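Structural overview
What follows is the residue order along each chain.
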2 protein chains.
Amino acid sequence: MNFCEPGSSGGCKTVKQFVLPFNPELADGKFAPIKLDGKAFHYLIRVRRCKRGNQLSAMAPNGLRFKLIIQSIAADSCVVELSQTGNGVEKHPETMITIIPALIKNNRMDAAVRQAVEAGAAAIWPVQTAHGLIHATGNSNTRTERWKRIAVEALQQCGGTYAAEIEPPAALPEVLKRWNSRGPIFFLHEKPLETGFTLHRLLADETTELALLTGPEGGFSESEVRLMETCGAKGIFLGERILRSETAVLYGIAAVMTIIRERKEWKLK
Amino acid sequence: MNFCEPGSSGGCKTVKQFVLPFNPELADGKFAPIKLDGKAFHYLIRVRRCKRGNQLSAMAPNGLRFKLIIQSIAADSCVVELSQTGNGVEKHPETMITIIPALIKNNRMDAAVRQAVEAGAAAIWPVQTAHGLIHATGNSNTRTERWKRIAVEALQQCGGTYAAEIEPPAALPEVLKRWNSRGPIFFLHEKPLETGFTLHRLLADETTELALLTGPEGGFSESEVRLMETCGAKGIFLGERILRSETAVLYGIAAVMTIIRERKEWKLK
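Residues numbered from 1 in each chain as written. Chains lettered and ligands numbered in written order. Predicted model: local features only at pLDDT ≥ 70, side-chain atom pairs only at ≥ 80, totals over all residues. Heavy atoms only, no water.

1. Focus: the sheet that holds strand 11 (residues 165-166) of chain A
Residue and element names in this part refer to chain A.
- With parallel pairing, the six strands of this open sheet are ordered in space as 11-9-8-14-13-15. Looking at strand neighbours, the two that pair on one side only are strand 11 and strand 15 (234-237), the edges of this open sheet.
- One ladder, built from four bridges, connects strand 13 (residues 185-189) with strand 15; its direction is parallel. Each residue of the ladder has a partner; that of Phe187, found in strand 15, is Gly235. (Pairing = 2+ DSSP bridges. Helix = DSSP H or I, 4+ residues; strand = E, 2+ residues; numbered from the N terminus.)

Now the structure itself:
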């Protein structure tokens, strides 16, 4: 039996895990073998060139983790055996970050989604803004499905232990309402605000969830800033340079994640 | 006279400044009008569609900043008037960050360079590593020239006040020697190291320069880690997910920049 891990042959050099297309069902305390066809089959057998007996790490959409063994391969499907690894609890980060990026053009939105997942976003809620795209080309469902695929690919590559929930694009008031008051909510602003905060101050207290809004190319409009502030969102200014929208997404998550990850090391002056 | 600024007509909506192709010379305490042709002419007149009398912000490669006025336009060149703005001193950040990214494939290296400039890197020194590209396709000079162009474009878009110095790719020992001991030097590692540090601890003391090494897809090799540590570089672990090389570049700069920018807010526990 080969162990299909990074560095071994089989085209899976940079892939850390396989993400199952659905959650396997538990019967009598164990997972029955499942049949994979379509894209999952194509990816495992054609792209990764897995053989019968190959074993790899897998994760279900609900975050459960498995050892997956290829049991048999047919012309257009394969059967895999799953045994759970870990304690069955989805391994979430200390703080779950929902990124709310302004909707931008397709290829740049794709980059934003990919990098947000790599950086560890727990949810991505694209938002329509005055200076960004409102009526983007293409069907909204099609695009959402596309982002979900990109998110799964990114998760496979980076080996993350939890998937990112992806919502279809929605207007700013709707998104703010959806967030309600699950936790602190911040927005990155390209100008320093009188009401501005630093991330260290905003992140000094532990929180299980937080949301981060990032603007489109032209930034948030004045009325959008007022609306966000009315809904309790705090503005953050991250330096003089005007970041591209997709750059702002990763920059914001990296800044927030690092401050949270190192919380045991620092305190407010 | 029109003022060509973001939001005005003329195709310059997302451009914050024009970067001059050379440093204008000072004669008798003032800058004489200069003639622009080739790419600079093409960009200003064809792409941005500037007209005679248009005025825009400009920066020279040495960081000096100007008000630029289009004085006359010929078939394939134009003459511009320059008057200096600011105090003539290049406005650098408190800490200048040199990013030393592992050399990766062309299009992804391009993305890394662009995002590094947006995020505020003061220098970019691509490095050849065991698991990355050593003999990349294409001539090294051609590629370096290409990265310089991308850096200038990014600087024009983000409106930064200092340019990024770009060096041709070099081997790891050479790059470490070039850095010598200009300031602290860190490397991002995909595994936690026994000798690992947190960024807050490493950045607790003010420094005018620092360097950040980021690895290729497969990470740094063990002997590279030993070499870097021997040269005084400190390893940093930024979370469980394996970032793509270009994602690690921006993630690292964002993390470092934010901690430095907010240094007045926090202290070590």
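Picking up after the structure, the text goes on.
2. Section: the interface of chain B and chain A
- Residue-level contacts link 45 residues of chain B with 45 residues of chain A.
- Counting the surface lost from both chain B and chain A, the interface buries some 4100 Å², and carbon and sulfur atoms represent 50% of this.
- When the buried surface of chain B facing chain A is broken down by residue, Arg241, Tyr251 and Glu265 of chain B rank first, second and third, together holding 19% of it.
- The salt bridge involving Arg114 of chain A is made with Glu246 of chain B; its shortest N-O contact spans 3.8 Å.
- Here chain B and chain A share 33 residue pairs in polar contact (both at pLDDT 80 or more) between them.
- Looking at the side of chain B that touches chain A, the elements that each hand over two or more residues are helix 2 (106-119), helix 3 (140-158), helix 5 (199-202), helix 7 (245-261) and strand 16 (266-268) of chain B.
- Sort the elements by how many residues they give to the side of chain B that touches chain A and helix 7 of chain B lands first, with ten residues. (Contact = heavy atoms within 4.5 Å. Buried area = accessible area lost by both parts, 1.4 Å probe. Salt bridge = Lys/Arg side-chain N within 4 Å of Asp/Glu carboxyl O. Polar contact = N/O pair within 3.5 Å; in protein donor to acceptor, adjacent residues only side chain to side chain.)

3. Quick notes on the pairing of strand 7 (residues 77-85) of chain B
All names here are of chain B.
- Taken together, the four bridges between strand 4 (residues 34-37) and strand 7 define a ladder with antiparallel strand orientation. Bridging across to strand 7, Leu36 finds its partner in Cys78.
- Note: strand 6 (residues 65-73) against strand 7, eight bridges, orientation antiparallel. Bridging across to strand 7, Ile70 finds its partner in Val80.
- Here strand 6 folds back onto strand 7, and the loop between the two strands holds three residues.

4. Looking at the pattern of salt bridges
- Taken as a whole and assessed by the stated rule, the structure comprises 20 salt bridges over all chains.
- Between Arg182 of chain A and Glu209 of chain A there is a salt bridge, with its nearest N and O atoms 3.5 Å apart. Of this pair, Arg182 of chain A sits in the loop between helix 4 (172-179) and strand 13 while Glu209 of chain A sits in strand 14 (residues 209-214), placing them 27 residues apart in sequence.
- We classify Arg182 of chain A as partly exposed; its relative accessible area is 38%.
- Glu246 of chain B is the salt-bridge partner of Arg108 of chain B, the closest N and O atoms lying 3.0 Å from each other. (Buried < 20%, exposed > 50% of the residue type's maximum accessible area, 1.4 Å probe, protein only.)

5. Section: the relation of the copies chain B and chain A
- Superposition of chain B onto chain A requires a rotation of 180 degrees combined with a translation of 0.0 Å along the rotation axis, giving an RMSD of 0.1 Å. Read as a symmetry element, the transformation amounts to a two-fold axis. Judged by C-alpha distance, Ala255 of chain B is the residue of chain B that lies nearest the rotation axis, at 2.4 Å.
- When the interface residues of chain B are mapped onto chain A, 100% of them are again interface residues, pointing to one common binding face. (Least-squares fit on C-alpha atoms with pLDDT ≥ 70 in both.)

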